[in-house]
Amino acid sequence: MSSGRATQELLDRLVEGARAAARAGRVADYIPALARARPEAVGAAITSVEGELLESGEARAGFTLQSVSKAIALPYVIDARGEEAVFSRVGKEPTGDPFNSIIRLEASSLKKPYNPMINAGAIVLSSLMPGSTGEERAAGFRGYAAALLGLPSLALDEEVYRSEAATANKNRSIAWFLKELGLVEGEVDEALDGYFRQCATLVDAASLSRCGACLALDGLEPGSAGGSGRRLMSERAARVTKALMCSCGLYDGSGAFCVEAGIPAKSGVGGGILASARGRAGIGSYGPALDPRGNSAAGLSIVEGLSRELGLFAL
Ligand code: GLN
């Protein structure tokens, strides 16, 4: 990366500047436990491919992965089960619909979720994870995610998990419809339970940025000399994941974000964004106040600013 000091100053400036965007956003409350988040919280971090971390604001504040987990579940299941197992059940196309939309499952001729970055696709992938119960699958997912985030282990936020499980009528409807289409492996309730648990994985922006750096290295662990050499996911899984993050990672805001930032990213209603600039760095941001599409208002402004000012555009 360019001089560490200049990048640190830029990061500080963008985090400060994003506070106005945060004030215009709203914390998600359809999962009741998420409403506890402080809307004014903003933080961000960058990890270079050499493994050097810069952070600003609340980069160590804990939050749940929510839909950011979809960008980690995808390479996990591709490498565990193979591309054919995934893409025979889930498409590769954007929807232009909200993340929890059910409408295309019946209305389109595809008869499968459009992509793995929306709830319907992620519930199918949850059913394909190694293990037979939601708990076993989510434990495997957390182990895989911990390695990408450079941590020994990751914890489950029990309260958020229970809160979503108690209120997720829409996701239940989606999952049962998926079962009707023959796309859920095993029990529907276990697929849903695994999905709620994966969404309730506790992370912070600093460790998310490290995951972005691994994606920036096409699946290698960040470290000196452009990667430590340890492979954490296959090159193909990294490429497929980044392509789908680009086209579908911010749901019905994906196109506009790609125009502004030009790098793959994935958001979650917990307030996180994971982004990756190939061969350069990973970015993690936190800001629980969301825009109307469910993307972190502060996070969008920070990631777009970093891409613009550091020339991270991949396109
Ligand atoms: N667990 C959340 C849900 O299924 C994830 C949504 C999101 O982060 N966009 O509704």
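Refer to the structure presented above.
Residues numbered from 1 in each chain as written. Predicted model: local features only at pLDDT ≥ 70, side-chain atom pairs only at ≥ 80, totals over all residues. Heavy atoms only, no water.

### Brief notes about the overall build of the protein
Secondary structure assignment for the protein yields 13 helices and nine strands. Relative to a compact globule of 315 residues, whose C-alpha radius of gyration would be 20 Å, the protein shows 18 Å and is just as compact. Counted over contacts in the protein with a minimum sequence separation of 6, partners at least 24 positions apart contribute 70%. Accessible area for the protein stands at about 11,800 Å²; split by element, carbon and sulfur atoms hold 51% of it. (Helix = DSSP H or I, 4+ residues; strand = E, 2+ residues; numbered from the N terminus. Rg over C-alpha atoms; globule rule 2.2 N^0.38 Å. Contact = heavy atoms within 4.5 Å. Areas by Shrake-Rupley, 256 points an atom, 1.4 Å probe, with all protein chains shown as cover.)

### As for the pattern of salt bridges
Within the structure shown, the criterion is met by 19 salt bridges. Across the pair Glu 185 and Arg 89 runs a salt bridge, and its minimum N-O distance is 3.4 Å. Of this pair, Glu 185 sits in the loop between helix H8 (169-180) and helix H9 (188-199) while Arg 89 is found in the loop between helix H3 (83-87) and helix H4 (103-107), placing the two residues 96 residues apart along the sequence. In this structure, Asp 218 and Arg 278 form a salt bridge, with 2.6 Å as the shortest nitrogen-oxygen distance. Of this pair, Asp 218 sits in the loop between helix H10 (205-216) and helix H11 (235-248) while Arg 278 sits in the loop between strand E7 (272-277) and strand E8 (281-286), and the two are 60 residues apart along the sequence. Residue classification places Asp 218 among the buried positions, given a relative accessible area of 12%. Given a relative accessible area of 57%, Arg 278 falls into the exposed group. In this structure, a network of salt bridges that share partners links the residues Arg 36, Asp 157 and Glu 159. (Salt bridge = Lys/Arg side-chain N within 4 Å of Asp/Glu carboxyl O. Buried < 20%, exposed > 50% of the residue type's maximum accessible area, 1.4 Å probe, protein only.)

### Description of the site of the ligand
What surrounds the ligand is the set Tyr 30, Gln 66, Ser 67, Phe 99, Asn 119, Glu 164, Asn 171, Tyr 195, Cys 199, Tyr 251, Gly 268 and Val 269. With respect to the ligand, the side chain of Asn 171 contributes an N or O atom lying 2.9 Å from an oxygen atom. Alone, the ligand offers 300 Å² of accessible surface; in the complex the protein occludes 99% of this. Residues of the shell around the ligand, tallied by class, amount to six nonpolar, five polar and one charged. (Near = heavy atom within 4 Å. Polar contact = N/O pair within 3.5 Å; in protein donor to acceptor, adjacent residues only side chain to side chain. Nonpolar A, V, L, I, M, F, W, Y, C, P; charged D, E, K, R; others polar.)

### What to know about the pairing of E8
Counted residue by residue, E8 has six buried out of six residues, so it is predominantly covered. Where burial is concerned, the two faces of E8 agree: the one with Ala 281, Ile 283 and Ser 285 and the one with Gly 282, Gly 284 and Tyr 286 are both buried. Both strand E2 (residues 43-48) and E8 contribute to a ladder of six bridges, which runs antiparallel. Residue pairing for E8: Thr 47 is matched across the bridge by Gly 282. Across six bridges, E7 lies against E8 in antiparallel orientation. Note that in E8 the partner of Leu 274 across the bridge is Gly 284. (Pairing = 2+ DSSP bridges.)

### Re helix H5 (residues 119-128)
With respect to burial, H5 is a largely interior element, 10 of its 10 residues being buried. Within H5 the residues assigned to the buried category are Asn 119, Ala 120, Gly 121, Ala 122, Ile 123, Val 124, Leu 125, Ser 126, Ser 127 and Leu 128. Looking at the packing, one finds that the buried side of H5 touches helix H2 (70-81), H3, H4, helix H6 (134-149), H8 and H9.

### A few points about the environment of Phe 99
Secondary-structure assignment places Phe 99 in the loop between H3 and H4. Phe 99 sits 163 residues away from Gly 262 along the chain, and the two C-alpha atoms are 21 Å apart. Apart from residues lying up to four places away in sequence, Phe 99 is in contact with Tyr 30, Ile 118, Asn 119, Tyr 251, Val 269 and Arg 293.

### What to know about the packing of aromatic side chains
Summed over the entire model, instances satisfying the criterion amount to five aromatic pairs. Aromatic pair Tyr 30 and Phe 99: ring centres 6.2 Å apart, planes at 40°, arrangement tilted. In this pair, Tyr 30 sits in the loop between strand E1 (26-27) and E2 while Phe 99 sits in the loop between H3 and H4, placing the two residues 69 residues apart along the sequence. Here Tyr 30 falls in the partly exposed class, since its relative accessible area comes to 40%. The exposure class assigned to Phe 99 is buried, which follows from its relative accessible area of 11%. Considering the side-chain rings of Phe 99 and Tyr 251, the 5.1 Å spacing of their centres and the 50° angle between planes classify their relative orientation as tilted. On the criterion of sequence distance, the pair formed by Phe 99 in the loop between H3 and H4 and Tyr 251 in the loop between H11 and helix H12 (254-261) is long-range, its members being 152 residues apart. (Phe/Tyr/Trp six-rings, centres within 6.5 Å; stacked < 30°, edge-to-face > 60°.)

### Description of the nonpolar core
Counting residues in each nonpolar core, the largest one holds 75 residues, and the members touching the most others are Ile 72, Leu 74, Ile 123, Phe 141, Leu 148, Leu 178 and Leu 274. Tallying contributions element by element places H2 first for this core, with seven residues. Excluding residues that lie within four positions of it along the chain, Phe 141 makes contacts with Leu 65, Ser 69, Ile 72, Ala 73, Tyr 76, Met 129, Gln 198 and Thr 201. (Core = buried A, V, L, I, M, F, W, Y, C linked by side-chain atoms within 4.5 Å.)

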